[in-house]
Amino acid sequence: MAAKEELKLLGVDVSPFAIRAHMAVVIKGVSCEYVVEDLSNKSELLLSSNPVYKKVPVLIHNGKPICESLVIVQYVDEIFSGDGVPSILPTDPYERAIARFWAAYVDDKFFPVLRGIVLALTEQERVEKATETLAAIEPLEEAFAMCSKGKAFFSGDSIGYVDLALGSLLVWIEAIRRMYNIEIISASKTPRLSAWAERFGESAAAKEVLPEVDKAVQFGKMLEAAASAAAASK
Amino acid sequence: MAGSNGDLKLLGHKGSPFVARVKLALGLKGISYDYVEEDIFGQKSDLLLRSNPVHKAVPVLIHNGKPICESQVIVQYIDEVFVGTGPSLLPADPYDRALARFWVAYIDDKLGASFDRALRAKTDEERNEAIKQTFAAAEALEGGLKECSKGKNFFGGDNAGYVDIIVGSVVPWVKVISVLAGAELFDPAKMPGMVAWVDRFCELDVAKAVLQDPKILLEQAKMLMAKNSAVASNN
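All figures in this text were calculated on a predicted structure; none of them were measured in a lab.

1. Quick notes on the layout of surface pockets
Residue and element names in this part refer to chain A. Computed from the structure, the second largest pocket encloses a volume of approximately 510 Å³. Along the wall of the second largest pocket there are 23 residues; nearest its centre are L170, V171, E174, A197 and V213. Contributions of two or more residues to the lining of the second largest pocket are made by α7 (170-180), α8 (191-202) and α9 (204-209). Across the lining of the second largest pocket, the residue classes break down as twelve nonpolar, three polar and eight charged.

Dropping the structure here:
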């Protein structure tokens, strides 16, 4: 890096999207100021940096904001690259396409039903969402075999794009297990992902960034309460 | 020349804006390919099912036998693998690339999603709510255009690029929504930039070649809406 780089990341510990962005800067070994936002009282900086969504994460690089977690991860990967700097996306265009495909799958197909477990208003709905989530994780179990080619992570030897996309949800997957006794990833049903999840959690970047699961459990209870209240007031 | 680009096949469907994106991308870069029209509502081909087992949807680009799925992924792939052939679709500057990816995500996550809900709504109430959300989502594009174009003709600057392709692919559907809602989605009073952009984009040769006739799409939309309402009322 030539000139002085100023990096600030606005986020909250339990947000999987903030986790992705945070882990990306940690993996790159660049210094970044992490600002914890109070979502019930969003800062002026957040509101002015992300006027479209007013959400975390936002990465502010030399005063310019970048929004949307996967956009941030790709930006960080492109800006901080070179000899000795770990890559998050592969260099080969076809492998990049595969990585983008699976990250999109996590966000478009897996995350909505996973979140649906927490936001469910009835037990029946919860069971439905759990069933859908268990179905949605199966292609990822297969994808792991294809992408990792026998190595530790989706990207190979080190954490990459799809690892961040799915790994950022592990805290919530564990929170859901504690809250509802629903196992999305298990050694019996998804052995590859189960082993991968352990390795992900053991990584230096995860250890630095991931919050305690209980924080997610507490946040989950808040979300549940908010969802019930919203439904009751209709 | 097809030979130097390898073997390129696009599996698509004439009504799909996602397929239109890939055609626009290949067209802008001047890359030739084989096109296969899939019977998406009837009998999907073995090739499609094998190439996209996860979603079983179009578009699928098959390059030298290897499939690439999801329109945003395909367009970026085309730009990266055919670098040097025709214009670049994504900006050169990483920050501008981040802006482009942001707006592309916005179009599909906000605009596209609410319009999809409008088409699939089971009740008039649901449909009107979804249309309202679509209109609210469209407004931000005026700012997006200013931010990306920096005063030039296209989101991509002097030439059409990634964001132009994504927004351009839904232009025929914008016209459909406007007819269904009885109001222009890109209100000339609130979004003069976008209105002018639509005219410029539609003048491009590639747009003339690829974009569908809104009248045909309108019929398709009416059929889809009727089907969803009928299903609801039969329950």
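2. Regarding a positive patch on the surface
A surface patch of like charges, here positive, comprises K55 and R115 of chain A together with K110 and R117 of chain B. Mapped onto the secondary structure, R115 of chain A falls in helix α4 (residues 93-119). For R115 of chain A, a relative accessible area of 41% gives the class partly exposed.

3. Side note on the UniProt feature "domain: GST C-terminal" (unreviewed entry) in chain A
Within this structure's numbering, the places UniProt gives as "domain: GST C-terminal" (unreviewed entry) are residues 92-223 of chain A. Secondary structure within residues 92-223 of chain A divides into 76% helix and 0% strand; the distance between the first and last C-alpha atoms comes to 40 Å.

4. Some details on the pairing of strand β4 (residues 64-67) of chain A
All names here are of chain A. In terms of strand pairing, strand β3 (residues 58-61) meets β4 through four bridges, oriented antiparallel. Within β4, the position partnered with I60 by the bridge is P65. Hairpin connection from β3 to β4: two residues lie between these consecutive antiparallel strands, with N62 at a positive phi of about 50°.

5. Focus on the sheet that holds β3 of chain A
Residue and element names in this part refer to chain A. In space, the four strands of this open sheet follow the order β2-β1-β3-β4, with mixed pairing throughout. The open sheet has two edge strands, β2 (33-36) and β4, and neither has a second partner. Averaged over all adjacent pairs, the angle separating strand axes in this sheet is 20°, with direction ignored. Two strands pair when backbone bridges link them, and strand β1 (residues 7-11) and β3 are joined in this way by four bridges, in the antiparallel orientation.

6. Side note on the UniProt feature "domain: GST N-terminal" (unreviewed entry) in chain A
In this structure's numbering, the residues bearing the UniProt feature "domain: GST N-terminal" (unreviewed entry) are residues 5-84 of chain A. Each end of residues 5-84 of chain A is marked by a C-alpha atom, and these two atoms are 19 Å apart; helix forms 38% of the span and strand 21%.

7. Overview of the pairing of strand β3 (residues 60-63) of chain B
Residue and element names in this part refer to chain B. What you see with β3 is no split at all: V60 and I62 on one side and L61 and H63 on the other are buried throughout. Sheet topology places strand β1 (residues 8-12) next to β3; four bridges connect them, and they run antiparallel. Bridge assignment links L10 to a residue of β3, and that residue is L61. Sheet topology note: the β3/strand β4 (residues 66-69) ladder contains four bridges and is antiparallel. Looking across to β4, one finds that L61 is bridged to I68. The turn joining β3 and β4, which pair antiparallel and follow one another in sequence, is formed by two residues; a positive phi near 50° is taken by N64.

The rules we used
- Along each chain, numbering runs from 1 in the same order as the chain's sequence is written.
- Lettering for chains starts from A, numbering for ligands starts from 1, and both go in the order in which the items are written.
- Local features are withheld for residues below a pLDDT of 70 in this predicted model, meaning they are given only at 70 or higher, and side-chain atom pairs are given and counted only at 80 or more; totals for whole chains, interfaces and linings count all residues.
- Only heavy atoms go into the side-chain values, all of them from the structure, while hydrogens and water stay out.
- Definitions used throughout: a 1 Å grid over protein atoms alone; a cavity as a set of points that fits a 1.4 Å probe which cannot get out; a pocket as an open set with protein on both sides within 12 Å along at least five of seven lines; a lining residue as one with an atom within 4 Å of a point.
- Grid points are joined across faces, edges and corners, and a volume is the space filled by probe spheres set on the points.
- Only runs of H or I of at least four residues qualify as helices and only runs of E of at least two qualify as strands under DSSP, and these elements are numbered from the N terminus.
- Ten residues, namely Ala, Val, Leu, Ile, Met, Phe, Trp, Tyr, Cys and Pro, are considered nonpolar, four, namely Asp, Glu, Lys and Arg, are considered charged, and the remaining ones, Gly among them, are considered polar.
- Patches draw on residues past 30% relative accessible area with no salt bridge. Two like charges within 9 Å are joined, as are two nonpolar side chains (Val, Leu, Ile, Met, Phe, Trp, Tyr) within 5 Å.
- Per-residue accessibility takes into account occlusion by the displayed protein chains alone, with areas from the Shrake-Rupley method and a 1.4 Å probe.
- The rule for a salt bridge is simple: a side-chain nitrogen of Lys or Arg has to be within 4 Å of a carboxyl oxygen of Asp or Glu.
- All tallies of charge rest on Lys and Arg as positive and Asp and Glu as negative; His and the ends of each chain are not included.
- Where a charge lies is defined by one atom per residue type: Lys uses NZ, Arg uses CZ, Asp uses CG and Glu uses CD.
- Between buried and exposed lies partly exposed: a residue is buried under 20% and exposed over 50% of the maximum accessible area for its type, with that area taken using a 1.4 Å probe on protein chains only.
- UniProt positions are given in the numbering used here, feature names are shortened, and annotations may be inferred rather than shown by experiment.
- A pair of strands is labelled paired if DSSP reports no fewer than 2 bridges between them.
- A fitted line through C-alpha atoms serves as each axis, taken over the contacting stretch for helices, and the angle formed by two N-to-C directions is quoted from 0 to 180°.

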